[in-house]
Amino acid sequence: MSERLNRFAYKFLDITVHVVMISILAITLFIFGVGVYDIVSTFLTSPYRVRFRMTFGLIVECVFDVLLLLEVYQSVLETLRHRRVPLRYVVDITIIMILRETFLKYYRGTIRPVELLSVTAMLAVLIVSRVIVLKYSPDYFKTHLERIRGQGREVER
């Protein structure tokens, strides 16, 4: 009985996560569409207005929001599938959040060169950590071991 209840709880949680993430994604895509419409209308009325930079910043923000939501969605699905939090998705989400905030500061015109250097250093560390996480993940060893075993069977034949 507890096995069926456990499966039902996971299925319910899976469906709930799908519905919530799809609705959030639809709202974000709607905001993205509003931003594109605003840019087109700005170009048609007067292309040299200052509002263009703000509108383009809104579109960049929406694109990064969509990427962030997709990464969170993928992370939740992997967590439900493997019953552990994959570290590579946490690193990916952090990289996307840092890039989003950097671009937002750039389009607001408030970023300084020192901040840009520190963001570059943080991104370098995160990229190196992502490579290390991928290299030493349990999934990597499992697939690598299966590949080696498959080659060993071909040699035996």
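In case you missed it, the structure is sitting above this.
Residues numbered from 1 in each chain as written. Predicted model: local features only at pLDDT ≥ 70, side-chain atom pairs only at ≥ 80, totals over all residues. Heavy atoms only, no water.

What follows covers the overall build of the protein chain. On a plain count of helices and strands, the protein chain comes out with five helices and zero strands. Across the protein chain, helices and strands are ordered from the amino to the carboxyl terminus as α-α-α-α-α. Counting the 157 residues in the protein chain, one finds 25% classified as buried. Long-range pairs, those at least 24 residues apart, make up 67% of the contacts in the protein chain with a sequence separation of at least 6. A total of about 11,700 Å² of accessible surface is found on the protein chain, and carbon and sulfur atoms cover 70% of it. (Helix = DSSP H or I, 4+ residues; strand = E, 2+ residues; numbered from the N terminus. Buried < 20%, exposed > 50% of the residue type's maximum accessible area, 1.4 Å probe, protein only. Contact = heavy atoms within 4.5 Å. Areas by Shrake-Rupley, 256 points an atom, 1.4 Å probe, with all protein chains shown as cover.)

This part is about the side chain of Arg-100. Of note, Arg-100 is situated in helix α3 (residues 87-108). Its relative accessible area of 15% is what places Arg-100 among the buried residues. Sequence-distant contacts of Arg-100, that is, excluding residues within four places in its chain, are made with Glu-61, Phe-64 and Asp-65.

Another point: helix α4 (residues 113-135). Side chains three or four residues apart in an α-helix point the same way, a direct result of the helix having 3.6 residues per turn. Between its first and last C-alpha, α4 extends 33 Å over 23 residues, near the 33 Å set by a 1.5 Å rise per residue. Taken as a whole, α4 has its buried residues at Glu-115, Val-119, Leu-123, Leu-126 and Val-133. On its buried side, α4 packs onto α3. (Expected span 1.5 Å × (residues − 1).)

One pass over the full model with this rule turns up one aromatic pair. For the pair Phe-8 and Phe-12, a centre-to-centre distance of 6.5 Å together with 20° between the ring planes defines the contact as stacked. Of this pair, Phe-8 and Phe-12 both sit in helix α1 (residues 2-45), four residues apart, roughly one helical turn. Using a relative accessible area of 55% as the deciding quantity, one classes Phe-12 as exposed. (Phe/Tyr/Trp six-rings, centres within 6.5 Å; stacked < 30°, edge-to-face > 60°.)

Interpretation note: all reported values are geometric properties and have no functional meaning in isolation.
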